[in-house]
Amino acid sequence: MTDFAPAAASRLAGLWKALEEPLRGVDRPLPARLAQAAVSWTGARRGALYLRERDLWVRAAVAGDGAEELELPDFSSSRAASREDTLWIPLAAEGEVHGHLGLEGLSAEEGAELAPFLGLFLGSLLGAHRFSRQVKEADFEVRTRLVELESLYDLGLSLGGQLDVSSLADEVLFRSISLTDAGKGTLALFHEDGRLLLERSLGGQLLPPEGFASWQLPEGDAVINNAAASVPTAGVRLASCAKCLAVPISVAGRRLGVLAVADKESRDGRVLDFTPADARLLSLFANQAAAAIETARLHRAAIEQERIERELELAAAIQREILPRSLPEVTGVELAAASLPTRQVGGDYYDLFPLSRGRLGFLVADVSGKGVPAALLVSTVHAAVHLQIDEAKTVAELVARIDRHLRRYAATRKFLTMFFGLFEPDSGLLTYVSAGHNPALLLRGSGQTETLGATGVPVGMFPGSSWREVRVTLSPGDLLCVYTDGLTEAVNEQEEEFGLERLSAVVAGGREKPVRELCDRILEKVADFAREMPQYDDQTLLLLRRSEPPVDPHAG
Amino acid sequence: MSEVCRVAAERRGNVAILSTDGYINNQGGEEIARQAYAQLESGASALVLNLEKTRIVNSIGISILIEVLEKVMDRKGQLAFCGLTPTIDKTFRIMGLAQYAAIYPTEAEAIRAVATA
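Below: a short report on this structure. Only a predicted model underlies this, so the values are computations on that prediction, with no experimental measurement involved.

1. A word on the overall build of chain A
Point 1. Check the secondary structure of chain A and you find 10 helices and 21 strands.
Point 2. A buried classification covers 39% of the 556 residues belonging to chain A.
Point 3. Contacts spanning at least 24 positions in sequence make up 62% of the contacts within chain A whose residues lie at least 6 apart.

If you want it as C-alpha cells, here you go:
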C-alpha cells in the first residue's frame, strides 16, 4: 500500500499531464482528444473509444494508424478484458459505464496496471461530459418549448392586426415549419366556393396546387403519416415527402384551407417521425390562422361594403342634382312626377324642359344596369339632352343626337329606353318618340285608354338607328302616364307582376283626381301590391294632363 | 428567400462576414458551420452572421449556431448577428445565443463592434 500510493500518484500525475493539453484543445471533439491522450500516455500502438448512442455502442474516436479496425467485442462484464492483442477497458464512473477504450499493443502487466486509472479517470471525464451535454440538451429543450409558447403568443398578436392574407399565410407557414423542425411545408387557402385562393410552400410543394381543394382531411384533426412516401395521407398520395403532418384550417365547420409540414429533421440527417406533440402544435397554428383569416376576410368585406356605399352615396347625390327639384309651371298643363330608386342610385331619369311658345319637352328614361355605372350614364344622358335640345329641329332628330352623343362620350357600353315628348298645350299636340320604352298610357276624357308604343329601338343599342315620330292630340282632360318598367314589373310574394292592366286600372280610377294626388296613389298601390318583397328596379312615373280651358266669365 | 440556404462569405481583415439566404435548418446550419470553421482556420477572429435574407430558423439550425458560437468562444473570438427579423431576434434571445453573441441591427454596426473590440 505504501509502495503503491506514490506510484499511483505518479501515474495519475502523468495521466493528467498527458490529458492536460488535449482537454484544453478545442479543434476536435472530446472523445477524439481522450483517445489520443490515452494512446500517447500508455504507449499503445493504436486505440479506439466507443460511446453509447441510443442503446448501441458506437465508435466515437480512434487514435493511431488503422485504429478503425479495433472492433468492440460483445462484452458481458464491465471489467477490463483482453481480446487478441487489444485491452478493452470499461470507462465507468458513479456505477455507470460511459464508454469503452480499446488499446492495442500493451503487455498484460501494463494493461493490469493502467486499466484502473484509465477506467476511472476517463470514465469520470466522460460522465461529466455526458452530464454537461444532458444539461445543455435539457436547457435547449426547455428554451425550445419557450420559443413555441412565445411563438403562439406572438402569432396571435401579429395575426390579430394582420389583414393581408398573403403575409398572414407566410407568417403561419414559416412558424409551423420552423417549430416542427420540418424540412418543407405548404399552406393553401380556398375561396368560399372551394377554388384555390393562394398557396405558399417552402422546400417544395407537397401537392400540385389543384390537389389541395380535394384533400379531405378530417375536420378538427391533425393527420400524422410517418410513411407518407408509400401510404396515402387522408386519401392523397404525397410523392414528394417521406413523413407528413397535415391539418385542415377551418372555422365553424367551413373549410378555409390546409396546413401541412413534412420531413422532420434531425441533427444527424435522419428524417424523424412526427409526434402527437407536433400535431398539437400544428393544430394550434391552424386554429390561430383560421381565426385570423376569417377576421381578415370579414374586414375586407366590410371595407368593400363601405366603399360601395360611399360610391353609391356620392352617385346618389349627383343623381339627386340631376332630377328636377321642382316641376315647371306651364300654362295649360298639370304635371306630376316621382322617381323611387330601389338602391341608393338608380338607372331611371326624368326631366322637363319649358320651351319657346309655351311648349313643354319631357322625357322618362330607363338606363340598363344599376348602381354607379347606370348613374354615370344617366349623367351623360342628362348632359346630352340639355346640350342638344335647342339644336334639334325635331324630336326624332333630338333622340338621334342623344344617341350619337352617348356613343361618343359614354364611359360604358350601355343603352337606355326613353320616351321623349314635345307637348304644345295650345293645340294639345303631342309629338313623341318612344325608344324601346314601355308603352305610355293615354287616358282619354271619355274613359278610353290608349297605349303609345315604341317607335324605335333603345338609344345606344345599334349604331345608325333612327326613330319615328308619332303625333297625337290630347283633348282637355286627357291624361298621359309615362313610367318605367319598375312599376309594372314590381312583384309581390306570389311572384306576380303589378302589370300594365293594374296600372291602367289605377290611372283610370283616379282620372278625376289632381295629378299630384294620382301620382302618389299609383306609387302607393304598387307598394301595397309588393308589400315586403324587395324590388330590384327603380320606379319612375310622369303624369301630364291637358288642363280644361279656363272658364271665360265673359263667354256666352 | 431561397429554399436551400446559401451562404456567402466576405473577409475584412480579421472579420469574416457570412451572409445567409434561406432556411437555416440542418443543411443551412451545416453550411454556415463549414464556412465559419474555414474562416476561423484561415485566421479570422471575429464572425458576423448577416441573416437579412433569412426568415426562418429551426431548432437544428439553432443548435448548429450554438456549436459555432462555442467554437468561436473556445478560440477567444467573437460572433455577432445582424439583420434578424423580429421573430428570429426573439428566438435567439430565448435560446441563449444573445448571451454570448451580440445582435446588431445592421452589418456595418456589427462589423464596427467586433473589429474594434
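Picking up where we left off.
2. Thoughts on the sheet that holds strand β4 (residues 78–82) of chain B
Residue and element names in this part refer to chain B.
Point 1. The five strands are arranged β1-β2-β3-β4-β5 in an open sheet whose pairing can be described as mixed. The strands lining the two open edges of the sheet, one partner per strand, are β1 (6–12) and β5 (102–104). Neighbour-to-neighbour, the strand axes of this sheet turn through a mean angle of 20°, independent of strand direction.
Point 2. For strand β2 (residues 15–21) and strand β3 (residues 46–53), the ladder comprises six bridges, and the chain directions are parallel. Residue pairing for β3: Ala-16 is matched across the bridge by Leu-47.
Point 3. Each of β1, β2 and β3 touches helix α1 (residues 26–41); the most contacted strand, β2, lies at about 165° to it.

3. Some words on the sheet that holds strand β1 (residues 46–53) of chain A
Residue and element names in this part refer to chain A.
Point 1. If you trace the five strands from one edge of the open sheet to the other, you get β2-β1-β5-β4-β3, paired in antiparallel fashion. Looking at strand neighbours, the two that pair on one side only are β2 (56–63) and β3 (81–83), the edges of this open sheet. If you compare each strand with its neighbour and ignore which way they point, the axes differ by 25° on average.
Point 2. Seen against the sheet, helix α2 (residues 30–42) touches β1, β2 and β5 (96–104) and runs at an angle of roughly 145° to β1.

4. Observations concerning the interface of chain B and chain A
Point 1. Contacts between chain B and chain A engage 19 residues on the former and 18 residues on the latter.
Point 2. For the side of chain B that touches chain A, the secondary structure elements donating two or more residues are α2 (59–74) and α3 (86–95) of chain B.
Point 3. Tallied by class, the residues present in the side of chain B that touches chain A amount to six nonpolar, seven polar and six charged.

5. Regarding the environment of Asp-278 of chain A
All names here are of chain A.
Point 1. Mapped onto the fold, Asp-278 is located in helix α5 (residues 276–322).
Point 2. Judged by C-beta crowding, with 21 C-beta atoms within 10 Å, Asp-278 ranks as buried.
Point 3. Taking the C-alpha atoms as reference points, Asp-278 and Lys-264, 14 residues apart in sequence, are found 9.8 Å from one another.
Point 4. The contacts of Asp-278, once residues within four sequence positions are left out, are Thr-180 and Leu-245.

6. Some remarks on the pairing of strand β17 (residues 440–443) of chain A
All names here are of chain A.
Point 1. Every second residue of β17 is oriented toward a common face, with Ala-440 and Leu-442 on one face and Leu-441 and Leu-443 on the other, all of them buried.
Point 2. Here β17 runs beside strand β18 (residues 449–452); their pairing, made up of four bridges, is antiparallel. Within β18, the position partnered with Leu-441 by the bridge is Thr-451.
Point 3. Count of turn residues in the β17/β18 antiparallel hairpin: five residues, of which Gly-447 carries a positive phi of about 100°.

7. Regarding the environment of Leu-523 of chain A
Residue and element names in this part refer to chain A.
Point 1. Residue position: Leu-523 is located in helix α10 (residues 515–530).
Point 2. On the neighbour-count criterion, Leu-523 (16 C-beta atoms within 10 Å) is partly exposed.
Point 3. With 183 residues separating them along the chain, Leu-523 and Leu-340 place their C-alpha atoms 9.0 Å apart.
Point 4. With near-sequence residues (within four places) excluded, Leu-523 lies in contact with Ala-338, Leu-340, Gln-539 and Leu-541.

Rules behind the numbers
- Residues numbered from 1 in each chain as written.
- Chains lettered and ligands numbered in written order.
- Predicted model: local features only at pLDDT ≥ 70, side-chain atom pairs only at ≥ 80, totals over all residues.
- Helix = DSSP H or I, 4+ residues; strand = E, 2+ residues; numbered from the N terminus.
- Buried ≥ 20, exposed ≤ 12 C-beta atoms within 10 Å, placed from the backbone.
- Contact = placed C-beta atoms within 7 Å.
- Pairing = 2+ DSSP bridges.
- Axes fitted to C-alpha atoms, helices over the stretch in contact; angles between N-to-C directions.
- Nonpolar A, V, L, I, M, F, W, Y, C, P; charged D, E, K, R; others polar.

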